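# Fold and contact review
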Amino acid sequence: MNGSLWAMVACAMCAPLAHVDLSGRAAGVTVGPAVHVHPAVVRVIAPQRSGMAFGSGTLVAVNDTHGLVVTNWHVIDGATGPVTVLFPDGFSSSALVLKGDRNWDLAALLIRRPNAAPVNLASRAPQPGELLAIAGFGGGSYRAVAGLCTQYVAPGLNWPMEMVELAATARQGDSGGPIFNARGELAGVLFGTDGASTTGTYCGRVRWFLAPIMEAMRPKPPESAQVACRPRANEPSPSVQVAETGVSGSAWRPVPTPQRPLAALPAPPRAPTSGS
């Protein structure tokens, strides 16, 4: 893993993050009594020069002291003050932006450890025809709506088709919210809608984006366990090959297209042709 990113995450974990006492009413979050709210779906609030920017996000990892939230880059881009993350149970925390990717509209936020359990990242790409669901706090109120996966699209010419589309409409303020599969896993991060369908970055790209940070957040084994795993005298050390991930030394530079696909995650299916 890149040394500078290790140092950034390590310093962030050691530094205290301000805890913001912010009730749901104060933050403009409303939840109807009959609505089942996913505890790991959050509202992201970023102060801007012209006011406040509101988006959504998902808790994807925790350790003993901190949590990791993924949202959209455009939600926190240009923030003029501390970004706040608010959970449905009223827990809130200021956030440290650890990493951003403007090209795929992703941002990783480090917060104080919340009460909620994180959402698992999906281990396979959603397929066309598969039932998915989006969720978020658009307009200040929580909503989840389901729709079928329709196709994959690319963000531009000569870019890989790693944006998943589903037949469900998102609202302003849902940006950065989750795309769930039927197992409740994070199948993508939504960022836009055309009024009839919603598009988001699929789970493979999200996993690749978050991998270095999630690795850094994992608890390290105690020294005694490390000593026990060391080879004995005259015992050859196992050969370990480390693949270069291509992560930029700057946590703020847009992440380029990976040089190789994730071994454990298949690439998304090809977009259907007009004749299919």
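For every chain, the first residue of the written sequence is number 1, and numbering continues from 1 along that sequence. Only residues with pLDDT of at least 70 are given local features in this predicted model, and only at 80 or more are side-chain atom pairs given and counted; all residues enter the totals for whole chains, interfaces and linings. Heavy atoms from the whole structure form the basis of all side-chain values; hydrogens and water molecules are not counted.

This paragraph deals with the overall build of the protein. Counting its regular elements, the protein contains four helices and 12 strands. Partly exposed residues are those whose accessible area sits between 20% and 50% of the maximum for their type, while under 20% is buried and over 50% is exposed, using a 1.4 Å probe and protein chains only. The burial tally for the protein puts 45% of its 276 residues in the buried class. The contacts of the protein with a sequence gap of at least 6 include a subset with a gap of at least 24, amounting to 69%. Summing over all exposed atoms, the protein offers an accessible surface of approximately 13,800 Å²; the carbon and sulfur share of this is 56%. For the purposes of this entry, the term helix denotes a DSSP run of H or I that reaches at least four residues, the term strand denotes a run of E that reaches at least two, and both are numbered from the N terminus. Contacts between residues were defined by any pair of non-hydrogen atoms, one from each residue, lying within 4.5 Å. Exposure was quantified through the Shrake-Rupley algorithm and a 1.4 Å probe, taking into account, for residues, occlusion by the shown protein chains and nothing else.

Right, let's talk about the pairing of strand β2 (residues 51-62) for a bit. Two strands form a pair only when DSSP identifies at least two bridges running between them. Relative to β2, strand β1 (residues 41-48) is paired through eight bridges, and the arrangement is antiparallel. Among the inter-strand pairings, Ile-45 is bridged to a residue of β2, identified as Phe-54. Counted between consecutive antiparallel strands, the loop separating β1 from β2 contains two residues. Two strands pair when backbone bridges link them, and β2 and strand β3 (residues 66-71) are joined in this way by four bridges, in the antiparallel orientation. In the strand pairing of β3, Val-62 is matched with Gly-67. Here β2 folds back onto β3, and the loop between the two strands holds three residues.

Our focus in this paragraph is the sheet that holds strand β11 (residues 186-193). Strand order in the closed barrel formed by six strands is β7-β8-β9-β12-β11-β10, with antiparallel pairing between adjacent strands. On average, each strand axis in the sheet is tilted by 45° relative to the strand beside it, whichever way the strands run. Angles shown run from 0 to 180 degrees and are taken between the N-to-C directions of axes, each axis being a line fitted to C-alpha atoms and, for helices, limited to the stretch in contact.

Side-chain rings of Phe, Tyr and Trp (the six-membered ring for Trp) are treated as a pair once their centres are within 6.5 Å; stacked means planes under 30 degrees apart, edge-to-face means over 60, and tilted covers the remaining angles. In the structure shown here, the tally under the stated rule is four aromatic pairs. With a centroid separation of 5.7 Å and an interplanar angle of 70°, the aromatic rings of Trp-104 and Trp-159 are classed as edge-to-face. Of the two residues, Trp-104 sits in the loop between β5 (92-101) and β6 (106-112) while Trp-159 sits in the loop between β8 (143-153) and β9 (163-166), which places them 55 residues apart along the sequence. Exposure remark for Trp-104: the relative accessible area of 0% places this residue in the buried category. Seen in terms of ring centroids, Phe-137 and Tyr-142 are 5.4 Å apart; in terms of plane orientation they differ by 65°. Their pairing is edge-to-face. For Phe-137, a relative accessible area of 1% gives the class buried. We count a charge as sitting over a ring when the NZ of a lysine or the CZ of an arginine lies within 6 Å of the ring centre and within 35 degrees of the ring normal. In this structure, Arg-205 is placed above the aromatic ring of Trp-208, and the distance from its NZ or CZ to the ring centre is 5.7 Å.

The next thing to look at is the environment of Leu-98. Structurally, Leu-98 can be placed in strand β5. As for Leu-98 and Leu-110, which are separated by 12 residues in sequence, their C-alpha atoms are 6.6 Å apart.

Turning to the confidence of the model for the protein, a few remarks are in order. Confidence of the predictor in every single residue is expressed as pLDDT, which spans 0 to 100. For the protein, mean pLDDT is 77; residues scoring 70 or higher make up 67% of the total. Note on residues 231-267: pLDDT is under 50 here. Beyond four places in sequence and across chains, it has 57 contacts. Low pLDDT (under 50) marks residues 270-276, which in the prediction has four contacts with non-local residues, meaning those over four places away or in another chain.

Turning our eyes to something else, we now look at the side chain of Thr-58. The topology assignment puts Thr-58 in strand β2. Note on Thr-58: relative accessible area 0%, which makes it buried. Apart from the residues within four sequence positions on either side, Thr-58 is in contact with Ala-40, Val-42, Leu-68, Val-69, Val-70, Val-119, Gly-176, Gly-177, Pro-178 and Leu-186.

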